[in-house]
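Residue-level listing of the chains:
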Amino acid sequence: MTTTTVDIGTLIDRTPGLHGGVLHISGKGVTVRRIVSWYKRGLAAEEIGDRIGNITLAEVYAALAYYHANVAEIEADIAHQAAEDQRLEKLDRSSTRSMA
């Protein structure tokens, strides 16, 4: 019987130009931020994997392990994305008003 060993360090990647260069599951494009956001809402790793559908349970756990080992980095990324979402929403509201 042949066993394949996976280096878990290969499951998380950062690709310039993909999602602004933030961490994601290698080859999948699902961000660590997205996985952590669902985790912080109370979803179990299995539920997160089921919702995304194209990632393995090992990839979900790799993202969560990275988060727990680098909380400040991922929390800063989450805060940056939330601020960007608010900026874009405000911009959208002001452009919608000017069109009315």
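Higher on the page you've got the structure.
Definitions and cut-offs
Residues numbered from 1 in each chain as written. Predicted model: local features only at pLDDT ≥ 70, side-chain atom pairs only at ≥ 80, totals over all residues. Heavy atoms only, no water. Phe/Tyr/Trp six-rings, centres within 6.5 Å; stacked < 30°, edge-to-face > 60°. Lys NZ or Arg CZ within 6 Å of the ring centre and 35° of its normal. Helix = DSSP H or I, 4+ residues; strand = E, 2+ residues; numbered from the N terminus. Buried < 20%, exposed > 50% of the residue type's maximum accessible area, 1.4 Å probe, protein only. Axes fitted to C-alpha atoms, helices over the stretch in contact; angles between N-to-C directions. Parallel < 35°, antiparallel > 145°, perpendicular 65-115°, else oblique. Left-handed = near helix turned anticlockwise from the far one by under 90°. Contact = heavy atoms within 4.5 Å. Nonpolar A, V, L, I, M, F, W, Y, C, P; charged D, E, K, R; others polar.

## Things to note about the packing of aromatic side chains
Taken as a whole and assessed by the stated rule, the structure comprises zero aromatic pairs. When the ring centre of W38 is taken as reference, the NZ or CZ atom of R51 above it lies at 6.0 Å.

## What to know about the environment of G17
The residue G17 is located in the loop between β1 (12-14) and β2 (23-25) in this model. Since its relative accessible area comes to 77%, G17 is described here as exposed. Considered as a pair, G17 and G53 are 36 residues apart in the sequence and their alpha carbons are 24 Å apart.

## Observations concerning the packing of helix α1 (residues 32-40) against helix α2 (residues 45-52)
Two numbers describe how α1 lies on α2: the axes approach to 10 Å, and their chain directions differ by 130 degrees. Relative to α2, the element α1 lies oblique. Pair α1 / α2 crosses with right-handed handedness. Facing R34, I35, W38 and Y39 of α1, the residues of α2 in contact are I48, R51 and I52. By residue class, the composition of the contact of α1 with α2 is five nonpolar, no polar and two charged.

## Thoughts on the packing of α2 against helix α3 (residues 57-69)
Helix packing geometry: the angle between the two helix axes and the distance between the axes. Relative to each other, α2 and α3 sit at 120 degrees, their axes nearing to 9 Å. By the angle class used here, α2 and α3 are oblique. Handedness of the crossing formed by α2 with α3: right-handed. On the side of α2, the interface is formed by A45, E46, I48 and G49, while α3 contributes L57, V60, Y61 and L64. Class assignment of the residues belonging to the contact of α2 with α3 gives a composition of six nonpolar, one polar and one charged.

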